[in-house]
Amino acid sequence: RDWEFLQPPSLIKARQDESSVVGDFLKEHFSESDIQEKRWREWKIVGDSTHTHHHYHYFYKGRRAEGVGLSVHYNRKGWVEYANSDLEKNISLEFDPDSPEVRKKISHIVAQQLVSRSGRVFQTWKWEPILWRGISHPEFLAAYEIEVKYADPFKVQFVIVDQSSGKILVDYQKLRNI
């Protein structure tokens, strides 16, 4: 979805503050439930000399939808100049909620895969429940993004794990310091 407003809206009667203009844009282009349920959550604001760029993650049933975002580009003269999102269609998915029991059920499966892949025992891990899709799985599924830290040599690795099976779907290294 893309919105382009290359010219300032002709109906601007009085200059509004930035938060009001961006808020009005969200109310005009997204449903009331999207706003009330906080499906779009701002995670970063970047400014330059002419614009402020508001970046949002999309959440569905409390989980961040990996790879789905919204960027709203506010012209400092008083209007949203353009916006873009990679949400092609609304997400509709049923899944078990995150819980200690669900994590416990798959944690040993995940740990075995991590040791098998790296040949090392990890030091710590941090789990985030997400919705994920990829080339091998084009429809969203309930998953966890797990940040795994190793010591000696230090390494930070991220894995995406299927919530129902514990299978590692994606594995990528973020930082390694030898």
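Before reading further, recall that the structure is shown in the block above.
Okay, so let's go over this structure.

Rules used in this analysis
Residues numbered from 1 in each chain as written. Predicted model: local features only at pLDDT ≥ 70, side-chain atom pairs only at ≥ 80, totals over all residues. Heavy atoms only, no water. Core = buried A, V, L, I, M, F, W, Y, C linked by side-chain atoms within 4.5 Å. Buried < 20%, exposed > 50% of the residue type's maximum accessible area, 1.4 Å probe, protein only. Helix = DSSP H or I, 4+ residues; strand = E, 2+ residues; numbered from the N terminus. Polar contact = N/O pair within 3.5 Å; in protein donor to acceptor, adjacent residues only side chain to side chain. Contact = heavy atoms within 4.5 Å. Expected span 1.5 Å × (residues − 1). Arc of directions from axis to C-beta. Phe/Tyr/Trp six-rings, centres within 6.5 Å; stacked < 30°, edge-to-face > 60°. Lys NZ or Arg CZ within 6 Å of the ring centre and 35° of its normal. 1 Å grid on protein atoms, 1.4 Å probe; cavity = no way out; pocket = protein on both sides within 12 Å on 5 of 7 lines; lining within 4 Å. Points joined across faces, edges and corners; volume = space filled by probe spheres on them. Nonpolar A, V, L, I, M, F, W, Y, C, P; charged D, E, K, R; others polar.

**Section: the nonpolar core**
Among the nonpolar cores identified, the biggest contains 22 residues, and F25, W40, Y58, L70, V72 and I91 are the most heavily contacted of them. Counting only elements with at least two residues in this core, the list comes to helix 1 (18–29), strand 3 (51–60), strand 4 (63–75) and strand 5 (79–85). For this core, the element with the highest residue contribution is strand 4, accounting for five residues. Core analysis: the next-biggest nonpolar cluster, separate from the first, contains 13 residues, V102, I106, Y150 and I168 among them.

**Structural notes on the side chain of T52**
With respect to the helices and strands, the residue T52 is situated in strand 3. Relative accessible area serves as the criterion here: at 5%, T52 is assigned to the buried category. A distance of 3.5 Å separates the side chain of T52 from the side chain of E18, its partner in a polar contact. Non-local contacts of T52, meaning those with residues more than four positions away in its chain, are made with E18, I45, V46, G47, V72, H73, Y74 and R76.

**Quick notes on helix 1**
Taking 1.5 Å per residue, twelve residues should reach 16 Å; helix 1 reaches 17 Å between its end C-alpha atoms and fits that length. When helix 1 is considered as a whole, its buried residues turn out to be V21, V22, F25 and L26. Angularly, the buried residues of helix 1 cover 135° about the axis, an arc narrow enough to put them on a single face. Facing away from the buried side of helix 1 by over 90 degrees, the exposed positions are S19, K27 and E28.

**Thoughts on the packing of aromatic side chains**
Tallied over the entire structure, the rule returns six aromatic pairs. Measuring from ring centre to ring centre gives 5.0 Å for W127 and Y144, while their planes differ by 75°; the resulting arrangement is edge-to-face. Of this pair, W127 sits in strand 6 (residues 124–134) while Y144 sits in strand 7 (residues 137–150), and the two are 17 residues apart along the sequence. A single burial state applies to W127 and to Y144, both of which are buried. Counting every residue linked through ring pairs, the aromatic cluster contains F122, W125, W127 and Y144. Sitting over the ring of F95, K61 keeps its end group 5.8 Å from the ring centre.

**Notes on the layout of surface pockets**
Here the second largest pocket is characterised by a volume of approximately 160 Å³. Together, L87, E88, K89, N90, I91, S92, L93, R133, P138, E139 and F140 line the second largest pocket. At three residues, the largest contribution of residues to the lining of the second largest pocket is made by strand 7. Among the residues forming the lining of the second largest pocket, the class breakdown is five nonpolar, two polar and four charged.

**Concerning the environment of Q123**
Mapped onto the fold, Q123 is located in the loop between helix 3 (100–118) and strand 6. Residue Q123 is classed as exposed on the basis of its relative accessible area of 53%. It is 7.6 Å that separates the C-alpha atoms of Q123 and V148, two residues lying 25 residues apart in sequence. Other than its neighbours up to four places away in sequence, Q123 contacts K149, Y150 and A151.

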